[in-house]
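Topology and contacts: notes
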Amino acid sequence: MLPRDLKAEQFSGYPPEGRKLVIHYLGALRRLPLSFLPSVLREAIEYDYKFPVERKALERELANLNFLSAEQFADWLHDFATIRVSPALEKIDWVDAPAQFVEQLSSYLWTTRQLDLFRAAAIAYADRLHATVPPEQPATRRLGITVVGQGVASYDAPLFRKLRPHGAYYSRVNPENGLRVLLDAVAERAKAFSAPYAHWYVDGGQKTAHDTSLTSVSYSALEPARSTLLGKMRSEIDRPGMGPEALRTRLAQLRPADLGVHEGDEVLDRFRIKMLTEGSGTQIFSTTFAQWTAREALRRAQPLTLLVRFAPRQRQRSMNELLTASMGGAELDPVGSLVDADIGAYYNWLNQQRLPGANQSSFLVWFEEHSQALAIGPTTPRGTVSTSSTDLRQLLSSLA
C-alpha cells in the first residue's frame with residue numbers, strides 16, 4: 001500500500017485523539033512520500049500519550065503541511081520523494097506499526113547507500129519547518145537545578161569544572177535545609193506558572209516529600225518495574241538468535257501494564273516506562289537513570305523548572321552480574337556517583353540550553369550538604385569565584 005491509498009478506517013486501531021488528528025489531516029498525509037510518512041505516523045500513534053509541547057509541535061507541523069500549495073508541497077518533500085523504497089517495505093503494515101517500518105527503513109537505506117541522502121533531506125526539512133513554524137517561547141525564564149553528591153562525606157577534587165566558565169562558583173554556601181529550600185522554590189514556581197508537566201522533580205534515589213503540583217519521577221519508586229524488566233531482558237537474551245536489535249524492538253513494545261506501572265497518569269506512566277526500555281543502563285544505574293530522565297524531560301516536555309537530584313549508584317561490575325544480581329544487595333559507590341553527577345550536571349545545562357528561551361534561562365548546581373554551588377544566569381558574571389557567605393535562597397533570588 002502507498003500513502004495515496006490511505007483511508008480513514010485504517011486508523012481504527014489508533015488511540016482516540018491520535019485518530020482524530022490523522023483523519024483531520026488525511027489529505028496532507030496522502031501526499032507524503034513513503035520514505036517520510038511513517039515517521040509522522042510514529043508520532044501520531046503516540047499522540048494521546050505525548051506531553052502538551054509535543055502535541056502542539058505535531059499539530060503545527062501537520063497544519064503547515066496542509067497549508068502548503070501543491071507546488072510548495074512538492075518543493076518541501078522533493079528530496080524525500082527521490083528516495084527509493086523497496087516493494088518489501090511497501091508491504092509492511094506501516095499504518096499500525098510505523099515504528100517498526102522506520103527501523104527497517106533505516107537498515108534498508110544503509111544497505112542501499114541512501115542514508116546520507118535521507119539525513120540531508122531530514123535536516124533540510126527540519127530547518128525549513130523551524131524557520132516557518134518557530135517554537136513558542138516559554139512563559140517565564142527556565143530554571144534548572146541539579147543536586148549532586150548525596151552520601152559523600154568529603155571530596156577534595158575540584159567540582160563543576162566544565163560549568164565554571166559559564167557562571168559563578170560559590171565556596172561558602174550555607175547547606176542547612178538546602179534540599180527543602182530548593183523543593184519549595186520549585187513548588188513556588190509551579191504555583192506561579194501553573195501548567196501541566198511544566199515543573200519537574202527527578203530523583204535518582206528515594207524522593208523527598210514535595211508539593212503535589214510537581215511532576216515527579218524517581219528511581220526508587222520504579223524498583224518493582226526495573227526488577228520485572230530485568231527478568232524479561234534475561235529471558236529474551238537467553239533465547240537462541242536474540243540479538244541487540246531484536247531485543248530493542250521487544251523492549252519498545254512493552255507497555256506500563258507489562259511492568260506493573262499504573263500511577264493513574266497514562267502520559268507519565270508511558271514516559272516512566274520509556275526511561276527504562278529505551279535508556280542504556282537506566283535499569284541498573286541510578287545516575288544513568290537520573291541523567292537520561294532529565295534529558296528526555298527537557299527534550300520532550302520542555303519544562304519551565306527541572307530539579308534533578310542524583311543519588312549513589314551501585315558499583316561497576318560485569319554486565320552479567322549487573323543483570324542477575326539482587327538490586328537490594330548492591331554495594332553503593334557514593335564518590336564514583338558524585339563524579340558521574342558532576343558531568344551529569346553539565347549535560348543537564350547543555351540540554352536546557354537547546355530549548356527556546358535559552359539566553360534567559362538560569363541554572364544552579366549544588367553539592368548536597370556541603371558549601372559548594374555554582375550559578376548560571378543572564379546577569380551572572382561568568383568565570384567568577386565568590387568566597388562570601390551566602391545560602392541557596394540568595395542564589396535563587398540572584399537568578400530570578
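Residues numbered from 1 in each chain as written. Predicted model: local features only at pLDDT ≥ 70, side-chain atom pairs only at ≥ 80, totals over all residues. Heavy atoms only, no water.

A look at the overall build of the protein chain
When helices and strands are tallied, the protein chain shows 17 helices and 10 strands. For 400 residues, the compact-globule estimate of 2.2 N^0.38 gives 21 Å, and the protein chain sits close to it at 23 Å. Along the first, second and third principal axes, the C-alpha set of the protein chain runs to 70 × 50 × 40 Å. Counting over 400 residues, the protein chain shows a buried share of 50%. Sequence separation of 24 or more characterises 73% of the internal contacts of the protein chain that already satisfy a separation of 6 or more. For the protein chain, the exposed surface amounts to about 19200 Å²; the carbon and sulfur share of it is 51%. (Helix = DSSP H or I, 4+ residues; strand = E, 2+ residues; numbered from the N terminus. Rg over C-alpha atoms; globule rule 2.2 N^0.38 Å. Buried < 20%, exposed > 50% of the residue type's maximum accessible area, 1.4 Å probe, protein only. Contact = heavy atoms within 4.5 Å. Areas by Shrake-Rupley, 256 points an atom, 1.4 Å probe, with all protein chains shown as cover.)

Things to note about the domain arrangement of the protein chain
Here the protein chain is partitioned into domain 1 (3–132) and domain 2 (143–399). Averaged C-alpha coordinates put domain 1 and domain 2 at centres separated by 33 Å. Facing the 10 residues of domain 1 at the interface are 15 residues of domain 2. For the pair domain 1 and domain 2, the summed buried area comes to about 1100 Å², and 56% of that belongs to carbon and sulfur atoms. Linking domain 1 with domain 2 are 3 salt bridges, by the criterion used here. Those elements giving two or more residues to the side of domain 1 that touches domain 2 turn out to be helix H4 (52–67) and helix H8 (98–111). (Domains from an automatic or database assignment. Buried area = accessible area lost by both parts, 1.4 Å probe. Salt bridge = Lys/Arg side-chain N within 4 Å of Asp/Glu carboxyl O.)

Let's talk about the pattern of salt bridges
In total, this model carries 21 salt bridges according to the counting rule given. Across the pair Arg299 and Glu296 runs a salt bridge whose closest N-O atoms are separated by 2.7 Å. Taken together, the residues Arg299 and Glu296, both in helix H14 (residues 286–301) and 3 residues apart, mark about one turn of the helix. Close ionic contact of Arg315 with Glu331 constitutes a salt bridge, the shortest N to O distance being 3.0 Å. Of this pair, Arg315 sits in the loop between strand S6 (305–309) and helix H15 (319–324) while Glu331 is found in the loop between H15 and helix H16 (334–352), placing the two residues 16 residues apart along the sequence. Judged by relative accessible area, Arg315 falls into the partly exposed class, the value being 35%. Overlapping salt bridges bring together Arg313, Arg315, Glu331, Asp333 and Asp340 as one network.

What to know about the packing of H4 against helix H9 (residues 115–132)
Relative to each other, H4 and H9 sit at 95°, their axes nearing to 11 Å. What the angle tells us is that H4 and H9 run roughly perpendicular. Facing H4, whose interface residues are Glu61, Asn64 and Leu65, H9 presents Tyr125, Leu129 and Thr132. Its residues assigned to classes, the contact of H4 with H9 shows 3 nonpolar, 2 polar and 1 charged. (Axes fitted to C-alpha atoms, helices over the stretch in contact; angles between N-to-C directions. Parallel < 35°, antiparallel > 145°, perpendicular 65-115°, else oblique. Nonpolar A, V, L, I, M, F, W, Y, C, P; charged D, E, K, R; others polar.)

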